[in-house]
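Each chain, letter by letter, is given below.
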Amino acid sequence: MDALREWSLTLKNLLLPVFCKQCGRWLLTEENGFFCPTCWELTPRIKRPFCTRCGRPHSEVVGFDRPPNFPCASCREKLPAHVRRIYGAARYDGAVSEAIKLFKFHDRPRLAAVLADLMIEFARENMDCAAYDFVVPVPLHRVRERDRGYNQSRLLAKALTLAFAPARLDESLCRIRPTKVQSGLADQKARRANVIGAFAVVGESPFQHATILLVDDVVTTAGTVSECGAALKRAGAAEVDVFAAALAAAPA
Ligand SMILES: [Zn+2]
Ligand SMILES: [Zn+2]
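Residues numbered from 1 in each chain as written. Chains lettered and ligands numbered in written order. Predicted model: local features only at pLDDT ≥ 70, side-chain atom pairs only at ≥ 80, totals over all residues.

Participant: Explain the overall build of the chain here, please?
Facilitator: For the chain, the count of helices and strands is 9 helices and 7 strands. Radius of gyration (C-alpha) of the chain: 19 Å, near the 18 Å computed for a compact globule of 252 residues. Across its three principal axes, the chain shows a C-alpha extent of roughly 60 × 50 × 40 Å. With 252 residues in all, the chain has 38% of them scored as buried. Relative to all contacts within the chain whose residues are 6 or more apart in sequence, the contacts with residues 24 or more apart total 71%. (Helix = DSSP H or I, 4+ residues; strand = E, 2+ residues; numbered from the N terminus. Rg over C-alpha atoms; globule rule 2.2 N^0.38 Å. Buried ≥ 20, exposed ≤ 12 C-beta atoms within 10 Å, placed from the backbone. Contact = placed C-beta atoms within 7 Å.)

Participant: How should I be thinking about the nonpolar core in this particular structure?
Facilitator: Within soluble globular proteins, side chains that are nonpolar tend to cluster in buried spots. Judged by nonpolar contacts, the single largest core of 65 residues is most densely connected at L115, I212 and A245. Looking at this core, the element that brings in the most residues is helix α5 (residues 111–126), giving 8 residues. (Core = buried A, V, L, I, M, F, W, Y, C linked by C-beta atoms within 7 Å.)

Participant: Which parts of the structure should I look at to understand the packing of helix α4 (residues 94–105) against α5?
Facilitator: Each pair of packed helices can be summarised by the angle the axes make with each other and by the distance between the axes. Interhelical geometry of α4 versus α5 gives an angle of 140° and a closest axis separation of 10 Å. Overall, the two elements α4 and α5 adopt an arrangement that is oblique. Considering the relative orientation of α4 and α5, their crossing is left-handed. When α4 is examined against α5, the residues A99, L102 and F103 are found in contact with a partner set consisting of L111, A112, V114 and L115. Taken together, the residues of the contact of α4 with α5 sort by class into 7 nonpolar, no polar and no charged. (Axes fitted to C-alpha atoms, helices over the stretch in contact; angles between N-to-C directions. Parallel < 35°, antiparallel > 145°, perpendicular 65-115°, else oblique. Left-handed = near helix turned anticlockwise from the far one by under 90°. Nonpolar A, V, L, I, M, F, W, Y, C, P; charged D, E, K, R; others polar.)

Participant: When you look at unusual backbone geometry in this model, what are you seeing that I'm missing?
Facilitator: The bulk of non-glycine residues show a negative phi, and the bulk of peptide bonds are trans. For the peptide bond that leads from R48 to P49, omega is 0°, which places it in the cis range. Note on placement: P49 falls in the loop between α2 (37–41) and α3 (73–77). The linkage connecting A165 with the following residue, P166, adopts the cis geometry, with an omega of 10°. Within the secondary structure layout, P166 lies in the loop between α7 (152–160) and β3 (168–169). With a phi angle near 70°, H82 is a residue other than glycine that sits in the positive phi range. A positive phi angle, near 60°, is found at H209, a position not held by glycine. Checked against the element boundaries, H209 lands in the loop between β5 (199–201) and β6 (211–219). Of the residues examined, H209 has 9 C-beta atoms within 10 Å and is grouped as exposed.

Here it is, written out as structure tokens:
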């Protein structure tokens with residue numbers, strides 16, 4: 001860094017100090033305008049081996065350079081419906097869960113780039129990035145999108161599209177009726193009922209025989225992404241994979 005830039009950064013930090021959203025430490029670099037390098041480095045990234053269906057991490061194995069992934073016990077019993085597999089870049093914990101809450105509920109659209117970088121880091125290591133025809137965000141109902149000012153999944157999908165070339169961003173999938181925020185609902189049954197029939201591809205479908213990467217910020221019970229997967233399949237999609245910034249533990 002040249003001296004002038006260093007000075008202007010020092011000045012900016014003095015005039016407009018920014019503090020780590022996780023530990024409160026004063027941020028002295030510009031790397032990531034929200035979290036200090038320590039907190040972001042400690043974020044619980046998902047590493048191999050993880051479940052080949054739901055994406056949840058298995059306990060770490062030592063002695064393997066690239067341990068093979070395999071399905072978890074619950075996916076061997078019952079697969080997530082309508083989607084081929086789910087990938088998640090991190091566990092919904094630590095700085096990542098803080099980042100997603102700020103991103104979603106506290107008007108911080110700039111966090112899209114921070115979270116997308118984490119997702120791209122995961123994708124390069126673990127996914128076949130050239131396998132998709134479309135990158136499709138989980139849609140918000142237009143009323144909620146208007147209130148929030150943006151759809152967080154759309155911002156993520158947009159930031160990811162280049163890394164998944166030749167796939168194109170497409171927003172034909174719509175939320176055709178308003179739903180409650182899934183995290184506010186008590187159990188799996190209520191969450192499933194909340195999203196049944198909520199999604200559809202409106203107008204002529206571009207998805208005939210397509211392989212789709214469906215993008216969401218957090219996947220918990222997979223109710224939302226399953227319903228989106230069903231709507232995309234009704235619109236002609238051949239395969240739907242899901243990619244989330246984080247995977248949360250399902251409520252009981
Ligand atoms: Zn910190
Ligand atoms: Zn699984």
